[in-house]
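Close look at the chain arrangement
Spelled out, the chains give:
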Amino acid sequence: MKNEAIDPYKAIFEACEEGILVVNSSGQIIMANMASHRLFGYENNEMIGLSIESLVPPALRTHHVKDRENYDRNPSPRKMGHGRDLAGRKKDGSEFPVEISLNRAQIEGVDHTLAFIIDITERKKIEVALKKSEEQLIVYAAELEKRVIKRTQDLDDTIKQLEQVNADLEDQVRIRKKAEDDTRLALSRERELNELKSRFVSMASHEFRTPLSTILSSASLIERYREPGTEEKRKKHIDKIKSGISNLTNILNDFLSLSKLEEGKVEIDESTVNITDELKDIIDELSTICKDQQTIKFESNPNTIVLNTDKKIFKNILINLLSNAIKYSEPSTEIFVEMAEVDDNIQIQVTDQGMGIPEEEQKHMFERFFRAKNATNIQGTGLGLNIVKKYVDMLNGHITFKSKLNEGTTFIVDLPK
Ligand SMILES: Nc1ncnc2c1ncn2[C@@H]1O[C@H](COP(=O)(O)OP(=O)(O)OP(=O)(O)O)[C@@H](O)[C@H]1O
Ligand SMILES: [Mg+2]
């Protein structure tokens, strides 16, 4: 066996892990290292003399010949990893992905093409796997997005439901609050009414005493005046009894009116009323309780006024105002009642020349049980004006007054036509 000197280039050539092929201008392999034999499944040196196209899949061979000719005309080094993924064909016909770099080299003065080849099956697998997972990722992302949309939708629905529940709750709270308010109002009215009743009882027990004792003493005196010639005295006491009884009746009537008003039991009963005539009747009626030389003057402008109103309420208002005018002024004074059309109202003024109302107390005028301090010696319950005010309100009217201490008082009632 000849001991050849080892050519270091040859050693490197053979030791290289990449397949290296040297191809001449007609496409024939003139050198192939061991790695290339392994790659393409050939026995040692079997590849020498093969056409390079035999390593290319049959479908690509024609194209490869043209590529090779182009490269020969315009040779420039082509590095690996430039996206030129090619296919190689093994001896057994199976195909596998390769990457190839090309270079030119002069061997014995002639241009040859050097091809470095690596098997990229594994890389391709990884790439495919990567692509697959990328696609899966896209699918997953799309799925995720769908889920997010669905969740958002669900959340929106839940929020809407919650809002509805909230609105319902608010409604319920409102309803309950209204019920509470109503109950509270009813309760406070009830309490007020009770208070009114108990105040009335204490006031009545006080106010009833005077007329009752008058009645009692007059009755006993009448019993004594039996002899002829005492008729005058008897009549005087009978009158006292009558007035005492009428006082009591008035107090009771006031209280009944107020109770009814408070309980909302008074209803308006409208009719066409000749209020001029009505007022004249009231004045006639009240002149019987006028004090000595007290006169009531009446003026109506126009002469006859007709109003759509509740006759009883109208009467009640005027009786109250007129009896106050009589009660709170001295004998020999005049009381004026004037009725006129003013704008859209009928205006009635009741003026007296009486004791007047102290200025500092005027603000309490229409309060229930109010009695001015200059009137405490005169019989009264302090309910009259409170009732009047309520009646005037019911007729959508308006009541005011002007008063000067020891000079007189005017009450002004406006009723809409
Ligand atoms: N014309 C008036 N002149 C002076 N004071 C008056 C006049 N009218 C009312 N007042 C004062 O207003 C108070 C309240 O009057 P109101 O008519 O409500 O009650 P009263 O006359 O005391 O009792 P009642 O009318 O219930 O018998 C009176 O007590 C009195 O002090
Ligand atoms: Mg009165």
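What you see is a predicted model, and the numbers here were worked out from it, not measured in a lab.

Definitions and limits used
Residues numbered from 1 in each chain as written. Chains lettered and ligands numbered in written order. Predicted model: local features only at pLDDT ≥ 70, side-chain atom pairs only at ≥ 80, totals over all residues. Near = placed C-beta within 6 Å. Helix = DSSP H or I, 4+ residues; strand = E, 2+ residues; numbered from the N terminus. Nonpolar A, V, L, I, M, F, W, Y, C, P; charged D, E, K, R; others polar. Buried ≥ 20, exposed ≤ 12 C-beta atoms within 10 Å, placed from the backbone. Pairing = 2+ DSSP bridges. Domains from an automatic or database assignment. Axes fitted to C-alpha atoms, helices over the stretch in contact; angles between N-to-C directions. Contact = placed C-beta atoms within 7 Å. Left-handed = near helix turned anticlockwise from the far one by under 90°. Core = buried A, V, L, I, M, F, W, Y, C linked by C-beta atoms within 7 Å.

Details of the site of ligand 1
- By nearness alone, 21 residues border ligand 1, and A372, A375, G380, G384 and L385 come closest of all.
- Elements with a contribution of two residues or more to the shell around ligand 1: α8 (311–327) and α9 (384–394).
- Sorting elements by how many residues they give to the shell around ligand 1 places α9 first, with three residues.
- Classifying every residue of the shell around ligand 1 by side-chain character gives nine nonpolar, nine polar and three charged.

Details of the pairing of strand β1 (residues 19–23)
- What you see with β1 is a clean split: G19, L21 and V23 sit on the buried side and I20 and V22 on the side with no burial.
- Alignment of β1 against strand β5 (residues 110–119), held across five bridges, turns out to be antiparallel. Note that in β5 the partner of V22 across the bridge is L114.
- Two strands pair when backbone bridges link them, and β1 and strand β2 (residues 29–32) are joined in this way by three bridges, in the antiparallel orientation. Opposite L21, over in β2, you have A32 as the bridge partner.

Section: the domain arrangement of the protein chain
- The domains assigned to the protein chain are domain 1 (8–119) and domain 2 (268–416).
- Distance between the C-alpha centres of domain 1 and domain 2: 132 Å.

As for the environment of I238
- With respect to the secondary-structure elements, I238 resides in helix α6 (residues 231–262).
- I238 sits in the partly exposed class, given 13 other C-beta atoms within 10 Å.

Focus: the pairing of strand β11 (residues 398–404)
- As judged from the seven bridges shared by β11 and strand β12 (residues 408–416), these two strands associate in the antiparallel manner. Residue K402 lies in a different strand from β12, and its bridge partner there is T410.

Some remarks on the sheet that holds β11
- Overall, mixed pairing links the five strands, which are arranged β7-β9-β10-β12-β11 in an open sheet. Across the chains shown, the open sheet's two edge strands, defined by having one partner strand only, are β7 (295–301) and β11. With direction set aside, neighbouring strand axes in the sheet form an average angle of 15 degrees.
- The sheet contact formed by β7 and strand β9 (residues 334–342) spans seven bridges and is parallel. Within the sheet, the bridge partner assigned to F298 lies in β9 and is V337.
- Sheet contacts for helix α7 (residues 275–287): β7 and β9; angle to β7, the most-contacted strand, approximately 180 degrees.

Here's the deal with the packing of α8 against α9
- One can describe the packing of α8 onto α9 by two numbers: an axis separation of 9 Å at closest approach and a directional angle of 145 degrees. Classified by chirality, the crossing of α9 by α8 is left-handed. Contacts from I313, N316, I317, N320, L321 and N324 of α8 reach α9 at G384, L385, I387, V388, Y391, V392 and M394.
- Here the residues of the contact of α8 with α9 sort into nine nonpolar, four polar and no charged.

Digging into the nonpolar core
- Ranked by size, the top nonpolar core spans 30 residues in total, and within it I317, L318, L321, V350 and V388 carry the most contacts.
- Among the secondary structure elements, those contributing two or more residues to this core are α7, α8, β9, β10 (345–352), α9 and β12.
- Sorting elements by how many residues they give to this core places α8 first, with seven residues.
- With residues up to four places along the chain from it excluded, the contact list for L321 reads V350, V388 and F411.
- Within the second largest apolar cluster, 14 residues are counted, among which are V23, A35, L39 and F40.

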